[in-house]
Amino acid sequence: MSDKWQTEFLNNAVEAEFLALPADMQARLLKISELIEQFGLENLGMPYLRHIQGKLWEMRAKGRSGISRALYVTVTGRRVIILRVFVKKTPQTPPSEITLALERIQEINNG
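What counts and what doesn't
- Residues numbered from 1 in each chain as written.
- Predicted model: local features only at pLDDT ≥ 70, side-chain atom pairs only at ≥ 80, totals over all residues.
- Heavy atoms only, no water.
- Pairing = 2+ DSSP bridges.
- Helix = DSSP H or I, 4+ residues; strand = E, 2+ residues; numbered from the N terminus.
- Axes fitted to C-alpha atoms, helices over the stretch in contact; angles between N-to-C directions.
- Contact = heavy atoms within 4.5 Å.
- Core = buried A, V, L, I, M, F, W, Y, C linked by side-chain atoms within 4.5 Å.
- Buried < 20%, exposed > 50% of the residue type's maximum accessible area, 1.4 Å probe, protein only.
- Phe/Tyr/Trp six-rings, centres within 6.5 Å; stacked < 30°, edge-to-face > 60°.
- Expected span 1.5 Å × (residues − 1).
- Salt bridge = Lys/Arg side-chain N within 4 Å of Asp/Glu carboxyl O.

**Student:** Before we go on, may I ask you to explain the sheet that holds strand 5 (residues 79-88) in this structure?
**Tutor:** Hydrogen bonds between backbone groups are what pair the strands of a sheet, and the pairing can be parallel or antiparallel. Read across the sheet, five strands follow the order 1-5-4-3-2 without closing on themselves; strand pairing throughout is mixed. Unpaired on one side and paired on the other, strand 1 (6-9) and strand 2 (49-53) mark the two borders of the sheet. Between one strand axis and the next, the sheet turns by 35° as a mean value, whatever way the strands run. Summarising the sheet, strand 4 (residues 66-75) and strand 5 pair through nine bridges and their orientation is antiparallel. Residue pairing for strand 5: Y72 is matched across the bridge by I82. Of the strands in this sheet, strand 1 and strand 5 are in contact with helix 1 (residues 12-19), which crosses strand 5 at around 45°. In the packing of helix 3 (residues 95-110) onto the sheet, contacts are made with strand 2, strand 3 (56-63), strand 4 and strand 5, and the angle to strand 5 comes to roughly 155°.

**Student:** So what exactly am I meant to see when it comes to the nonpolar core here?
**Tutor:** The tendency in soluble globular proteins is for nonpolar side chains to be buried side by side. Membership of the largest hydrophobic core comes to 30 residues, with the highest contact counts inside it found for L29, I36, L49, L56, M59, L83 and V85. Looking at this core, the element that brings in the most residues is strand 5, giving six residues. Among residues more than four places away in sequence, those in contact with L56 are H51, L71, Y72, V73, L83, I98, A101 and L102.

**Student:** Which parts of the structure should I look at to understand the packing of aromatic side chains?
**Tutor:** Each aromatic ring pair is described using two quantities: the centre-to-centre distance and the angle formed by the ring planes. This structure, assessed with the given rule, holds one aromatic pair. An angle of 45° between the planes, with centres 5.4 Å apart, marks the rings of F9 and F18 as tilted. The partly exposed category is assigned to F9, whose relative accessible area is 28%. Assessed through its relative accessible area of 8%, F18 is described here as buried.

**Student:** How should helix 3 be read in this particular structure?
**Tutor:** Since the α-helix advances by 3.6 residues per turn, residues separated by three or four positions end up pointing in the same direction. Taking 1.5 Å per residue, 16 residues should reach 22 Å; helix 3 reaches 23 Å between its end C-alpha atoms and fits that length. In this structure, the buried side of helix 3 is in contact with helix 1, strand 2, strand 3, strand 4 and strand 5.

**Student:** Where do I start with helix 2 (residues 23-39) in this structure?
**Tutor:** In a regular helix each residue adds 1.5 Å, so 17 residues correspond to 24 Å; helix 2 covers 24 Å between its end C-alpha atoms and thus fits that length. Of all the positions in helix 2, only D24, M25, Q26, L29, I32, S33, L35 and I36 are classed as buried. Each element contacted by the buried residues of helix 2 is listed here: strand 1, helix 1, strand 2, strand 3, strand 4 and strand 5. A positive phi of about 90° marks G40, the residue just after helix 2.

**Student:** Just checking my understanding: could you explain the pattern of salt bridges for this structure?
**Tutor:** Two side chains bearing opposite charge may form a pair once their charged atoms approach each other closely. Evaluation of the coordinates by the stated rule reveals eight salt bridges. A salt bridge links R104 to E17; the nearest nitrogen and oxygen atoms lie 2.8 Å apart. Of this pair, R104 sits in helix 3 while E17 sits in helix 1, and the two are 87 residues apart along the sequence. No difference in accessibility class separates R104 from E17, as the two residues are buried. Between R78 and E42 there is a salt bridge, with its nearest N and O atoms 3.4 Å apart. Of this pair, R78 sits in the loop between strand 4 and strand 5 while E42 is found in the loop between helix 2 and strand 2, placing the two residues 36 residues apart along the sequence. According to the relative accessible area criterion, E42 is exposed, its value standing at 52%.

Without other data, these values stay purely geometric and don't point to any function.
Listed below in structure tokens is the structure:
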């Protein structure tokens, strides 16, 4: 088993959310994913990553086009599973985005 971290989308819908972001925001989130894979999740924190609640965390990206977030959880095998990607328009991460990500965790548990 590899000791390197891997980042992946939960499903095609999440990948489509990512692809709908402006190019600069996509690039920032990709860079954070590369930092996770290069240095390990345990060695990154603010400003890249922040704990939301329970097992839910967020990748924090800021670009010319604004601010975006990727909500994720970690699973066995040093895998980061991205559950939701969105453009952030309010100071706080909207509760509806957190709820959606928490609902999507069930796909991992049921899969």
